[in-house]
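# Close look at the chain arrangement
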Amino acid sequence: MSRTVAFIGLGHMGGPMAANLAKAGHRVIGHDLDLTAVEAAAGAGVEPAASVTEAVGAADVVITMLPAGRHVLGLYDDILATARPGTLFVDCSTIDVADARTAHERALAAGMRALDAPVSGGVVGAEAATLTFMAGGDEGGFAEARPLLEAMGRKTVHCGGPGAGQAAKICNNMILGVSMIAVSEAFVLGESLGLSHRALYEVASTASGQCWALSVNCPVPGPVPTSPANRDYRPGFAASLMAKDLGLAAHAAQEGGVRVELGLRASELYAAYAERVGDAEDFSGIIRTIRNRSGEAT
Ligand code: NAD
């Protein structure tokens, strides 16, 4: 069934996601504060809206893909009054679990329905429609959103009630941040022991060290030709986004009194690294910091 979707936030992720929805036959009305992003989406079949209220007023479903919780909640304050009653609000941004729950509450209080549905898979996954969606909310909202999510991704998991999608996302990315540091440290240790990158890769990628950080996003150039290390660490998944996600995980752990010692350390290391490189480097570029610091220590 073809739906009318207001898509707010047409950046690195939202732009190609909206384009895939349009390609699947849905009417997609797009809005972004950045006019260049709107123009790019328009070239891919997304109808530009003159204002966010115009986009939302015509829609059955509102999808948001924004930087952080404050953007989502600020936008909800502006648009909940103008949406048609019963509109389904699907937030695909990565935001704080508490903010996601607040977004659900505000949507429901305004007579709308809500789902948090953050994604994994990066810009490449957004372009190829191979994202994984992790959804939180009630069964009805999930069932309605599912065909739309499936037009933008390959796997869709209903994780539980409000905020459960965000919870799954930050737990997953805490695994990823910690494992990228572990893989990078192993390569730098291997270098100091005279072990070639190729040899360590061939062993670890088929042994118990195997993980996504190694076998897909390998932090050294060579073994995985498509990894960002082969293009001077151009993202990919920017260091600033990893720092953000680890910050969300650290915050949730502190709120819940959970001792995530490696998660907290990874959050500190990525915060310092991202402060230097921002979104100019892929998160796997942290290997250069580890290598440089090792040089200092010897
Ligand atoms: P981005 O900065 O490229 O895009 C965000 C867009 O939102 C920008 O174009 C910005 O102009 C727009 N925007 C901000 N406030 C707005 C408002 N009030 N109204 C309309 N537009 C507004 O970011 P991105 O890389 O597309 O990431 C979006 C979200 O997806 C983030 O929460 C991020 O953590 C998450 N995410 C990103 C990746 C990735 O690899 N880039 C992967 C998974 C999840």
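Residues numbered from 1 in each chain as written. Predicted model: local features only at pLDDT ≥ 70, side-chain atom pairs only at ≥ 80, totals over all residues. Heavy atoms only, no water.

### Observations regarding the overall build of the protein
Applied cut-off: Helix numbering and strand numbering both begin at the N terminus, where a helix is a DSSP run of H or I of at least 4 residues and a strand a DSSP run of E of at least 2. The atom set for the radius of gyration is the C-alpha atoms, and the globule formula is 2.2 Å times the number of residues raised to the power 0.38. Residue burial is assigned from relative accessible area. The probe radius is 1.4 Å, only protein chains are included, and a residue is buried under 20% of its type maximum, exposed over 50%, and partly exposed in between. The criterion used for residue contact is that any of the two residues' heavy atoms lie within 4.5 Å. For the area figures, the Shrake-Rupley method with a 1.4 Å probe applies, and any residue is considered shielded solely by the protein chains shown. In this count, Lys and Arg are taken as positive residues and Asp and Glu as negative ones, while His and the chain termini are left out. We put the charge of a Lys on NZ, of an Arg on CZ, of an Asp on CG and of a Glu on CD.
For the protein, the helix and strand inventory stands at 13 helices and nine strands. Computed over the C-alpha atoms, the radius of gyration of the protein is 20 Å, within 12% of the 19 Å expected from 2.2 N^0.38 for a compact globule of 298 residues. Going through the 298 residues of the protein one by one, you find that 50% of them count as buried. A fraction of 64% describes how many contacts in the protein between residues 6 or more apart in sequence connect residues 24 or more apart. Accessible surface, the protein: about 13400 Å² in total, of which carbon and sulfur atoms supply 57%. Across the protein, 22 positive and 31 negative side-chain charges occur, with their mean positions spaced 4 Å apart.

### Structural notes on the side chain of Arg-3
Tracing the sequence through the fold places Arg-3 in the segment before β1 (4-8). The exposure class assigned to Arg-3 is buried, which follows from its relative accessible area of 12%. Residues within four places of Arg-3 in sequence aside, it is in contact with His-26, Arg-27, Asp-60, Val-61, Glu-144 and Leu-148.

### Considering the pattern of salt bridges
Where side chains of opposite charge bring their charged atoms close, a pairing between them can arise. The cut-off we apply is this: Should a side-chain nitrogen of Lys or Arg be within 4 Å of a carboxyl oxygen of Asp or Glu, the pair is scored as a salt bridge.
Under the definition given, this model contains twelve salt bridges. In this structure, Arg-84 and Asp-60 form a salt bridge, with 3.0 Å as the shortest nitrogen-oxygen distance. Of this pair, Arg-84 sits in the loop between α4 (69-79) and β5 (88-91) while Asp-60 is found in the loop between α3 (52-57) and β4 (61-64), placing the two residues 24 residues apart along the sequence. According to the relative accessible area criterion, Asp-60 is partly exposed, its value standing at 22%.

### Brief notes about the site of the ligand
Keep this limit in mind: Proximity criterion: a residue is near a molecule or strand once any of its heavy atoms comes within 4 Å of it. Pairs of N or O atoms within 3.5 Å make up the polar contacts considered here, provided that, within protein, one atom can donate a hydrogen while the other can accept it, and that residues adjacent in sequence are counted only when both atoms are side-chain atoms.
Lining the immediate surroundings of the ligand are 22 residues, of which His-12, Met-13, Asp-32, Leu-66 and Lys-244 lie closest. Residue Asp-32 places a side-chain N or O atom 2.6 Å away from an oxygen atom belonging to the ligand. The side chain of Lys-244 places a nitrogen or oxygen atom 2.9 Å from an oxygen atom of the ligand. Taking 830 Å² as the accessible area of the ligand by itself, protein coverage stands at 86%.

### A short note on the pairing of strand β6 (residues 113-116)
Where we set the bar: Between any two strands, pairing holds if DSSP finds at least two bridges. Handedness is read with the strands pointing away from the viewer; a crossover is right-handed when the path from the first strand over the helix to the second is clockwise.
In this sheet, β6 lies alongside β5 in parallel orientation, the contact comprising four bridges. Following the sheet pairing, Phe-89 is matched in β6 by Ala-114. Viewed along the sheet, the connection from β5 through helix α5 (residues 97-109) into β6 turns out right-handed.

### Remarks on unusual backbone geometry
Cis geometry marks the peptide bond from Pro-235 to Gly-236, where omega comes out at 5°. Turning to its location among the elements, Gly-236 is positioned in the loop between α10 (212-215) and α11 (239-256). The backbone phi angle of Tyr-233 is positive, close to 65°, even though this residue is not glycine. Following the sequence through the fold, Tyr-233 ends up in the loop between α10 and α11.

### Digging into the packing of aromatic side chains
Aromatic rings in a pair are described by how distant their centres are and how their planes are angled relative to each other. How we decide: Pairs were defined over the aromatic rings of Phe, Tyr and Trp, the Trp ring being its six-membered one, requiring ring centres within 6.5 Å. Orientation was assigned from the angle between planes: stacked under 30 degrees, edge-to-face over 60, tilted for the rest.
Per the counting criterion, the structure on display carries four aromatic pairs. Considering the side-chain rings of Tyr-270 and Phe-283, the 6.2 Å spacing of their centres and the 40° angle between planes classify their relative orientation as tilted. Residue Tyr-270 is found in helix α12 (residues 261-277), and its partner Phe-283 is found in the loop between α12 and α13 (286-297); the two are separated by 13 residues along the sequence. By the burial criterion, Tyr-270 is buried, and Phe-283 matches it. Each member of the aromatic cluster is reached from another via a ring pair, and the members are Phe-237, Tyr-270, Tyr-273 and Phe-283.

By themselves, these observations are geometric and do not establish any function.
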